[in-house]
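Residues per chain are reported as follows:
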Amino acid sequence: MPAWLITGSSRGIGFELAKQLAANSANTVFATCRKPDAANALKELAKTHKNVHVVALDVDDEASAAAAAETVKSALPAGAGIDYLINNAGWGVRVSFEEEEIATIAAVFNTHVLGALRVFRAFLPLLKLGTRKVVVSVSSELGSLAYVDDPRVGSAFPSYSIAKTGLNMLTRKIAKQYPDFIVFAFAPGWIKTEMGGSGAEYEVDDAVKRHIKIYETATLEKHTDKFINQFEDPVAW
Ligand SMILES: NC(=O)c1ccc[n+]([C@@H]2O[C@H](COP(=O)([O-])OP(=O)(O)OC[C@H]3O[C@@H](n4cnc5c(N)ncnc54)[C@H](OP(=O)(O)O)[C@@H]3O)[C@@H](O)[C@H]2O)c1
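You'll find the protein chain entered in an unreviewed UniProt entry as NAD(P)-binding protein, with Exidia glandulosa HHB12029 given as the organism.

Right, here's the structure in full:
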């Protein structure tokens, strides 16, 4: 009975992940989002799938993360934990380096880096009780220091790139601190979602099928402290 905790599952990659995982009745899916009342697709999914629990979680808010962990704990059988934590919540803005406001850089960093840390800390006791202990940081090639030299990247997407680089470092620190956890940074691909846009390279359902396969088969030896893409190829830090 693997238990999954997904952040940012109201739409996009997070919602598709909840939907595909729900189709396997062996999974218990904690699909979290900021505003459950407004998350209509997720509410519909939970109506038709008993293994889906919709839980409020704003990763920007420590009290929200703590409350979500309590809710999840009380929904799990006594002594059971979380097997997979997918830190997926994120957002970005499309402005140039010169236009980027300090406050925006701080806010994006807060969600991607501190948000992932808040959620990890809040769910750490449940992760310790889990069997798989998989922690995924949904990152991006834009967080790769090496990719800045790609002429398509350069100075573009400053706050988002800075945040994903920070998330990658957080991932490595968690991997070093918890050597029995399978912890890795993951570049999901350029996917057709609200963030990726309709011109993106990959359909969300196809990409998420690949994501789930990687998550379910990840091992300490092959995946922990790595940065990989949806085809399991290494991405340069
Ligand atoms: N799509 C791509 O091409 C692509 C490429 C590389 C990496 N990624 C990464 O993949 C992840 C998912 O992206 P996506 O394409 O699915 O984007 P999306 O369709 O825009 O969905 C983003 C999700 O994150 C949630 N979210 C934003 N801020 C949050 C917060 N403070 N607390 C909780 N949830 C929050 C949103 O919830 P609300 O409904 O409440 O706003 C929404 O559910 C992100 O981390 C993104 O950086 C995406």
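Moving on, there is more to tell.
Now for the nonpolar core. Generally speaking, nonpolar side chains in soluble globular proteins are found buried as a group. By size, the foremost hydrophobic cluster in this structure holds 33 residues, and its most contacted members are Leu 17, Leu 42, Ile 86, Val 136, Phe 184 and Tyr 215. Contact partners of Leu 17, with chain neighbours within four places excluded, come to Ile 6, Ile 86, Val 208, Ile 212 and Tyr 215. Ranked by size, the runner-up nonpolar core spans 31 residues in total, among them Ala 68, Leu 167, Ile 174 and Val 183.

The full count for this structure, using the stated rule, is one cavity of 30 Å³ or more. Considered as a void within the structure, the largest cavity measures approximately 70 Å³ in volume. Those elements giving two or more residues to the lining of the largest cavity turn out to be α4 (102-129) and α5 (158-177). Here the lining of the largest cavity gets four residues from one element, more than from any other, and that element is α4. Taken together, the residues that form the lining of the largest cavity break down as five nonpolar, six polar and one charged.

Another aspect to go through is the sheet that holds strand β2 (residues 28-33). With parallel pairing, the seven strands of this open sheet are ordered in space as β3-β2-β1-β4-β5-β6-β7. Each having just a single partner strand, β3 (52-56) and β7 (226-229) make up the two edges of the open sheet. The sheet shows a mean angle of 20 degrees between the axes of neighbouring strands, taken without regard to direction. In this sheet, strand β4 (residues 84-87) lies alongside strand β1 (residues 3-6) in parallel orientation, the contact comprising three bridges. In the strand pairing of β4, Trp 4 is matched with Tyr 84. Seen against the sheet, α4 touches β1, β4 and β5 (134-138) and runs at an angle of roughly 175 degrees to β4.

Next up on the list: the site of the ligand. Around the ligand, 29 residues are found, and the nearest of them are Ser 10, Arg 11, Arg 34, Tyr 160 and Thr 193. Between the ligand and Arg 34, the relevant distance is 2.7 Å, taken from an oxygen atom to a side-chain nitrogen or oxygen of the residue. For the ligand, the cavity whose grid points lie within 2 Å of the majority of its atoms is the largest pocket. Its residues assigned to classes, the shell around the ligand shows 11 nonpolar, 12 polar and six charged.

We now examine the pattern of salt bridges. This structure, assessed with the given rule, holds seven salt bridges. Of the charged contacts, one joins Asp 150 and Arg 152 as a salt bridge, the two residues approaching to 2.7 Å between their closest N and O atoms. Residue Asp 150 is classed as buried on the basis of its relative accessible area of 19%. A salt bridge links Lys 192 to Glu 203, with the nearest nitrogen and oxygen atoms 2.6 Å apart. Within this pair, whereas Lys 192 is found in the loop between β6 (182-187) and α6 (204-217), its partner Glu 203 is found in the loop between β6 and α6, the two being separated by 11 residues in sequence. For Glu 203, a relative accessible area of 37% corresponds to the partly exposed category. Through salt bridges with shared partners, one network takes in Arg 172, Lys 176 and Asp 225.

Right, let's get into the packing of aromatic side chains. Think of a pair of aromatic rings as described by two things: how far the centres are apart, and how the planes are tilted against each other in angle. Scanning the model with the defined rule gives 10 aromatic pairs in all. A centroid spacing of 3.7 Å and a plane angle of 10 degrees characterise the contact between Trp 4 and Tyr 84, whose relative ring orientation is stacked. Taken together, the positions of Trp 4 in strand β1 and Tyr 84 in strand β4 put the pair 80 residues apart, joining distant regions of the chain. Each member of the pair, Trp 4 as well as Tyr 84, carries the same accessibility label: buried. In textbook terms, an aromatic cluster arises when at least three aromatic residues are bridged by ring pairs, as seen for Trp 4, Tyr 84, Phe 184, Phe 186 and Tyr 215.

With that settled, the discussion passes to the layout of surface pockets. The computed volume of the largest pocket comes to approximately 1600 Å³. Together, 50 residues line the largest pocket, and Tyr 160, Gly 189, Thr 193, Met 195 and Gly 196 are the ones closest to its centre. Elements with a contribution of two residues or more to the lining of the largest pocket: α1 (12-22), α4 and α5. Here the element with the most residues in the lining of the largest pocket is α1; it accounts for three residues.

Conventions used here
- Residues numbered from 1 in each chain as written.
- Predicted model: local features only at pLDDT ≥ 70, side-chain atom pairs only at ≥ 80, totals over all residues.
- Heavy atoms only, no water.
- Core = buried A, V, L, I, M, F, W, Y, C linked by side-chain atoms within 4.5 Å.
- Buried < 20%, exposed > 50% of the residue type's maximum accessible area, 1.4 Å probe, protein only.
- Contact = heavy atoms within 4.5 Å.
- 1 Å grid on protein atoms, 1.4 Å probe; cavity = no way out; pocket = protein on both sides within 12 Å on 5 of 7 lines; lining within 4 Å.
- Points joined across faces, edges and corners; volume = space filled by probe spheres on them.
- Helix = DSSP H or I, 4+ residues; strand = E, 2+ residues; numbered from the N terminus.
- Nonpolar A, V, L, I, M, F, W, Y, C, P; charged D, E, K, R; others polar.
- Pairing = 2+ DSSP bridges.
- Axes fitted to C-alpha atoms, helices over the stretch in contact; angles between N-to-C directions.
- Near = heavy atom within 4 Å.
- Polar contact = N/O pair within 3.5 Å; in protein donor to acceptor, adjacent residues only side chain to side chain.
- Sits in = over half its atoms within 2 Å of the grid points.
- Salt bridge = Lys/Arg side-chain N within 4 Å of Asp/Glu carboxyl O.
- Phe/Tyr/Trp six-rings, centres within 6.5 Å; stacked < 30°, edge-to-face > 60°.

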